Amino acid sequence: MAAQRILEQGEPSGGWEPTQEVIRQGRGEFVGLHESPSGGHVHLVCEVYWDVKSRKPRSIEVMIDKEGNQSANTEKLLEEIEGMWHLEDFDTLAALIKILEIHWLSPTETFEYIYR
């Protein structure tokens, strides 16, 4: 339902990445793709958890799905990124993710990746 709402509104001005603006529009899942120069690739699967009472996002869990070899620097960065992040730490998470040069999948591509 949330993905349909975003598709109807069009792509957000900042793209599909999990910015606070896009999260507040109702997106609950994000998938980003990082392709390493060595030919390996990494999917970052981000799940937004909502506070039921306030109906506001409270945390994001980042799960990593790797295929192929990654550089030592990328491996270290992925270890830092993976896990649960509270919304007040979102700026730190966003800065770490930016280093990886992630291509964020659209809501339709995200759905296809998660439910393949």
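In case you missed it, the structure is sitting above this.
The structure reproduced in this document is the subject of the present report. Since we're looking at a predicted model, the values are computed, not measured.

1. Quick look at the sheet that holds strand S1 (residues 29-35)
Thought 1: Strand order in the open sheet formed by 5 strands is S4-S3-S2-S1-S5, and the pairing between neighbours is antiparallel. Of all strands in the sheet, those with a lone pairing partner are strand S4 (83-86) and strand S5 (103-104), marking the two edges.
Thought 2: In terms of strand pairing, S1 meets S5 through 2 bridges, oriented antiparallel. Within S5, the position partnered with Gly32 by the bridge is Trp104.

2. Observations regarding the pattern of salt bridges
Thought 1: The final tally for this structure, using the stated rule, is 2 salt bridges.
Thought 2: Linking Arg116 and Asp65 is a salt bridge whose minimum nitrogen-to-oxygen distance equals 3.4 Å. Residue Arg116 is found in the segment after helix H5 (107-114), and its partner Asp65 is found in strand S3 (residues 56-67); the two are separated by 51 residues along the sequence.
Thought 3: Measuring nitrogen to oxygen at the nearest pair gives 2.8 Å for the salt bridge that ties Glu75 to Lys66.
Thought 4: Assessed through its relative accessible area of 24%, Glu75 is described here as partly exposed.

3. What about unusual backbone geometry?
Thought 1: With a phi angle near 60 degrees, Arg55 is a residue other than glycine that sits in the positive phi range.
Thought 2: Within the secondary structure, Arg55 sits in the loop between strand S2 (41-51) and S3.
Thought 3: By relative accessible area, Arg55 is classed as exposed at 71%.
Thought 4: In this structure, Glu101 is a non-glycine residue whose phi angle is positive, near 55 degrees.

4. Focus on H5
Thought 1: Every buried residue belonging to H5 is among Pro107, Thr110 and Tyr113, and all of these are buried. Buried residues along H5 cover an arc of 125 degrees about the axis, so they all sit on one side. Relative to its buried face, H5 has exposed residues pointing more than 90 degrees away, namely Phe111 and Glu112.

5. A short note on the side chain of Arg27
Thought 1: Mapped onto the elements of the fold, Arg27 is located in the loop between helix H2 (20-24) and S1.
Thought 2: Summary of buried charges: Arg27 has no salt-bridge partner, and the nearest side chain of opposite charge, Glu29, is 7.3 Å away.
Thought 3: Within the local environment of Arg27, its side chain forms a polar contact with the backbone oxygen of Glu29, the two atoms lying 2.8 Å apart.

6. Things to note about the packing of helix H3 (residues 72-81) against helix H4 (residues 90-99)
Thought 1: Relative orientation of the contacting elements H3 and H4 amounts to 155 degrees, with a least axis distance of 10 Å. Judged on the interaxial angle alone, H4 and H3 are roughly antiparallel. Handedness of the H3/H4 crossing: left-handed. Across the interface between the two elements, Leu77, Glu80 and Ile81 of H3 pack against Leu93, Leu96, Ile97 and Ile99 of H4.
Thought 2: Taken together, the residues of the contact of H3 with H4 sort by class into 6 nonpolar, no polar and 1 charged.

Conventions used here
- Residues numbered from 1 in each chain as written.
- Predicted model: local features only at pLDDT ≥ 70, side-chain atom pairs only at ≥ 80, totals over all residues.
- Heavy atoms only, no water.
- Pairing = 2+ DSSP bridges.
- Helix = DSSP H or I, 4+ residues; strand = E, 2+ residues; numbered from the N terminus.
- Salt bridge = Lys/Arg side-chain N within 4 Å of Asp/Glu carboxyl O.
- Buried < 20%, exposed > 50% of the residue type's maximum accessible area, 1.4 Å probe, protein only.
- Arc of directions from axis to C-beta.
- Lys, Arg positive; Asp, Glu negative; His and termini not counted.
- Polar contact = N/O pair within 3.5 Å; in protein donor to acceptor, adjacent residues only side chain to side chain.
- Axes fitted to C-alpha atoms, helices over the stretch in contact; angles between N-to-C directions.
- Parallel < 35°, antiparallel > 145°, perpendicular 65-115°, else oblique.
- Left-handed = near helix turned anticlockwise from the far one by under 90°.
- Contact = heavy atoms within 4.5 Å.
- Nonpolar A, V, L, I, M, F, W, Y, C, P; charged D, E, K, R; others polar.

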